[in-house]
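Structural overview
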Amino acid sequence: MSAALYSSLDLTIGDLERIKLPLFQRKLVWTQKKKEDFIDTLRQGLPFGAVLIYPEDQTNESMLQILDGQQRLSTILEYKKCPLRFWKPLNREEYQSSLDRINGMLPDDLKLSEKKFDELYPWIDSDAYDDWVDDIDQKQTRKKVKQEVKALRNTIDNFIDLENLKIPAIKFTGNKELIATVFSNLNQGGTPLSKYEIFNAAWVNTTISLCPAGESSLQDKILDNVKRHYSDMIKNAEFELEGFSEDELTQNRTITLSELGIALGMFVQDNLKALIPQGENTVAEIGFGLLGIAMNVDNRSLSKLNRHTEDIDNELQIILERVQRICVNLQDIFGKLLKRIKGNKNDEYMLGLSTTFKTLSYFAALWELTPGSEDYCGSLRNIKAYYLLDALNKSWSSHGDQRLLDYYPENKKRSYLEPVDRNRLIEAFDHWLADATPGIQFNKETKAITTIHANLTYLSTSVPYGDGYELEHIVPKKIINKYDDPTSRSFFGSIIGNCMYLPRLDNNKKKEKTLYDAGASNYEQLIKDSLYPSESDLQEAINALSHKDFETANQVVKTRSRKIAIAIADSILG
């Protein structure tokens, strides 16, 4: 056997100055969320895997080529340059409290926005900080502000002890000509394990005992889902699945904690189709997320769920009953709101505004409320408006797992008890509409909001059930392409004001025609209920397009967009 061509060592923060990247290294691909998770791993002192390096010579000061671990080392250096960028989202409440305390000491003309507050970092060492402090008239106030800023700076500086950080590394000692081969071998099929896949391995000895067959249809369904999960794996596997026996599962009715998480996610996916995509990606997030809610375990610390195996085992029936009830309630609400009428297909929904953590927040907020109570029923009524408001405000676009914790029954920092204010919803719409850009392709948000408007108005009043309707452009796509340069769009043809469900048969025939050309007398009620532009306004927009007068053409679709926003607000809050 050949001698090993590697040895192990620890790198320090100073050693990172010697790092070089070989030409074949891939670009940085980690998201900000993944970087923050890694920094949190360092803070906790948890292992994070060795990096692979190659020294250019045998001296202690040799430059080091990094073969694997670029993302980790780059994130450490990024943290060193600006720790606030990582500390802030991981310690949001502490950050906000400090900012509030500082602003509480300052006169109105010196109060800080978050942006200005962050620009002062690293504060004590910057001219900007000195200039800002000098503007504080009261000596005592200036002293207190300095103390608060210094305390926060010390907190951030001590978040991770970089100087004593040891970075485990493997030093490749083979021939330099083999470096590219080593890197290629490391990254063949390089899909990292998700945390849920890691749970599956780590929790192999946990046990959840299901009740005897026939005593609980819900527990029977969970067992069926476990079997279905493994059957699907077998269908797509090249090798035999070791350790799986459907007969043994049926007889013993004992599953692992990880299997329960997957099976629970599949149950929700089957029963809440209006909010949960039918792919595999969200199954684990939903299932394990619900177990976290049931056991009051922060979604960011789901690895601690195995400490609650006995409680989950004892409370399983209650957990399943709550999940089923909330699924039924949410499906009833969102099934009507997001359903896409498309011929005889009854299970299509527009999920463009849905996110996993937002959906989990509904379960968390309803979890311990008494069914049928005023709080429970009121929350259900309000949730659909929050669903839209949060999407418009992008409230769940980052750090959703952190926000989710606020809805946990034991936290109750957020809830859906208070109705959404109409002006607040319209204002959110205005900001969302203001961010629109010229184009012709409808994005997922536009499709979902158009579906909500349709289901609240014309699809519920003017359209015979079962008729085929398709999302289409009011100013026809063919006309837009005829007059608006596809390489540099000027017309807002992709906003909600130019999008609606149109009759499939007539729409396929008309191409360059409007509903007026297709026979307005057949669609008088549809035109009214859908806020379809008047014949004169629509003709004006098309004429303006033909003369490259995009300002006039855009005004027509923008005007309808705002009318739709108001109509949705009135209907969803009515």
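Residues numbered from 1 in each chain as written. Predicted model: local features only at pLDDT ≥ 70, side-chain atom pairs only at ≥ 80, totals over all residues. Heavy atoms only, no water.

What about the overall build of the protein chain?
If you tally the helices and strands in the protein chain, you get 26 helices and 9 strands. Counting only residues that meet the buried cut, the protein chain has 47% of its 574 residues in that class. In the form shown here, the protein chain has an accessible surface area of approximately 29900 Å², with 46% of it arising from carbon and sulfur atoms. (Helix = DSSP H or I, 4+ residues; strand = E, 2+ residues; numbered from the N terminus. Buried < 20%, exposed > 50% of the residue type's maximum accessible area, 1.4 Å probe, protein only. Areas by Shrake-Rupley, 256 points an atom, 1.4 Å probe, with all protein chains shown as cover.)

Here we look at the sheet that holds strand β5 (residues 167-172)
Strands sit in the order β1-β5-β3-β4-β2 across an open sheet of 5 strands; the sheet is mixed. Two strands bound the open sheet, and with one partner strand each, they are β1 (6-11) and β2 (19-20). Judged from the 6 bridges that link them, β1 and β5 form a sheet pairing that is antiparallel. Within β5, the position partnered with L11 by the bridge is I167. (Pairing = 2+ DSSP bridges.)

Examining the pairing of β5
With 3 bridges joining them, strand β3 (residues 51-55) and β5 adopt parallel strand pairing. By the bridge assignment for β5, V51 is matched with A169.

Examining a negative patch on the surface
There is a patch of like negative charges on the surface, built from D108, D109, D130, D131, D134, D135 and D137. Structurally, the position occupied by D135 is in the loop between α6 (127-134) and α7 (139-157). (Patch = residues over 30% accessible without salt bridge, like charges linked within 9 Å, V, L, I, M, F, W, Y side chains within 5 Å. Salt bridge = Lys/Arg side-chain N within 4 Å of Asp/Glu carboxyl O. Lys, Arg positive; Asp, Glu negative; His and termini not counted. Charge placed at Lys NZ, Arg CZ, Asp CG, Glu CD.)

Looking at the side chain of R489
Mapped onto the elements of the fold, R489 is located in the loop between α21 (477-483) and β9 (499-503). Of the polar contacts made by the side chain of R489, one reaches the side chain of N481; its length is 2.6 Å. In this structure the side chain of R489 is engaged in a polar contact, spanning 3.1 Å, whose partner is the backbone oxygen of D484. Contact partners of R489, with chain neighbours within four places excluded, come to P438, G439, I440, I480, N481 and D484. (Polar contact = N/O pair within 3.5 Å; in protein donor to acceptor, adjacent residues only side chain to side chain. Contact = heavy atoms within 4.5 Å.)

Digging into the side chain of T75
Examined against the element boundaries, T75 turns out to sit in helix α2 (residues 70-81). Non-local contacts of T75, meaning those with residues more than four positions away in its chain, are made with W30, K35, F38, I39 and F86.

Observations concerning helix α10 (residues 217-235)
Its 19 residues give α10 an end-to-end C-alpha distance of 26 Å, which sits within 8% of 27 Å, the value for a rise of 1.5 Å per residue. Considered for burial, the residues of α10 that qualify are L218, Q219, D220, I222, L223, N225, V226, K227 and Y230. In this structure, the buried side of α10 is in contact with β6 (208-209), α11 (246-252), β7 (254-255), α12 (257-271) and α14 (309-338). (Expected span 1.5 Å × (residues − 1).)

With respect to the packing of aromatic side chains
Each pair of aromatic rings is reported with the distance of its centres and the angle of its planes. Going through the model one piece at a time under the given rule, you end up with 15 aromatic pairs. Summarising the aromatic geometry, the rings of Y362 and Y416 are spaced 5.4 Å apart at their centres and angled 65 degrees between planes, so their arrangement reads as edge-to-face. You can see Y362 sitting in helix α15 (residues 356-366) and its partner Y416 sitting in the loop between α17 (400-404) and α18 (422-434), a full 54 residues away along the chain. For the pair formed by Y362 and Y416, the shared burial category is buried. Taken together, F334, Y362, Y386, Y387, W396, Y407 and Y416 form an aromatic cluster joined through their ring pairs. Above the face of the W396 ring, R403 is positioned so that its terminal group lies 5.0 Å from the ring centre. K558 extends its terminal NZ or CZ atom over the ring of F492, reaching a point 4.3 Å from the ring centre. (Phe/Tyr/Trp six-rings, centres within 6.5 Å; stacked < 30°, edge-to-face > 60°. Lys NZ or Arg CZ within 6 Å of the ring centre and 35° of its normal.)

So, the pattern of salt bridges
For the coordinates displayed, the defined rule picks out 21 salt bridges. A salt bridge links R92 to E114, with the nearest nitrogen and oxygen atoms 2.1 Å apart. Taken as a pair, R92 in helix α4 (residues 92-105) and E114 in helix α5 (residues 114-119) lie far apart in primary sequence, 22 residues in all. Notably, a salt bridge pairs E148 with R101, separated by 2.9 Å at the nearest N-O pair. One end of the pair, E148, is in helix α7; the other, R101, is in helix α4, and 47 residues separate them in sequence. When its relative accessible area of 43% is taken as the criterion, R101 is described as partly exposed. One network of salt bridges, with partners in common, ties together K88, R92, E114 and D118.

Some words on helix α19 (residues 444-456)
Given a rise of 1.5 Å per residue, 13 residues ought to cover 18 Å, and the 18 Å separating the end C-alpha atoms of α19 matches this to within 8%. Where α19 begins, the side chain of N443 points an oxygen toward the backbone nitrogen of E445, at a separation of 3.1 Å.

A look at the nonpolar core
L305, V323, F334, F363 and L388 are the most contacted members of the largest nonpolar core, which has 123 residues in total. The leading source of residues in this core is α14, at 12 residues. Once residues within four sequence positions are removed from consideration, L388 is found in contact with L353, L425, F429, I449, I452, I568 and I572. Core analysis: the next-biggest nonpolar cluster, separate from the first, contains 37 residues, F38, L42, L110 and L162 among them. (Core = buried A, V, L, I, M, F, W, Y, C linked by side-chain atoms within 4.5 Å.)

Some words on the packing of helix α16 (residues 374-392) against α18
Packing of α16 against α18 leaves a shortest axis separation of 9 Å and a crossing angle of 35 degrees. The chirality of how α16 crosses α18 is left-handed. Of α18, the residues touching α16 (which contributes L388, L389 and L392) are R424, L425, A428, F429 and W432. Here the contact of α16 with α18 is composed, by residue class, of 7 nonpolar, no polar and 1 charged. (Axes fitted to C-alpha atoms, helices over the stretch in contact; angles between N-to-C directions. Left-handed = near helix turned anticlockwise from the far one by under 90°. Nonpolar A, V, L, I, M, F, W, Y, C, P; charged D, E, K, R; others polar.)

A short note on the packing of helix α25 (residues 535-546) against helix α26 (residues 550-573)
The N-to-C vectors of α25 and α26 enclose an angle of 150 degrees; their axes lie 7 Å apart at closest approach. The angle between the axes of α25 and α26 places the two elements in the roughly antiparallel class. For the element pair α25 and α26, the recorded crossing hand is left-handed. On the side of α25, the interface is formed by D537, E540, A541, A544 and L545, while α26 contributes F550, T552, A553 and V556. (Parallel < 35°, antiparallel > 145°, perpendicular 65-115°, else oblique.)

Quick look at unusual backbone geometry
Peptide bonds are trans in most cases, and residues, glycine excluded, mostly fall at negative phi. Its identity is not glycine, yet K394 carries a phi of approximately 55 degrees, on the positive side. Here K394 is to be found in the loop between α16 and α17. With phi around 55 degrees, K412 is a residue other than glycine that occupies positive phi space. The exposure class of K412 is exposed, given its relative accessible area of 66%.

Here we look at the environment of V557
Position of V557 relative to the elements: it lies in helix α26. Ignoring sequence-local partners within four residues, the contact set of V557 consists of F491, F492, I495, G497 and N498.

Notes on the environment of L417
Along the chain, the position of L417 falls in the loop between α17 and α18. Residue classification places L417 among the partly exposed residues on the basis of a relative accessible area of 37%. Along the chain, L417 and L366 lie 51 residues apart, while their C-alpha atoms are 9.9 Å from each other. Aside from chain neighbours lying at most four places away, what touches L417 is D375, S379 and N382.

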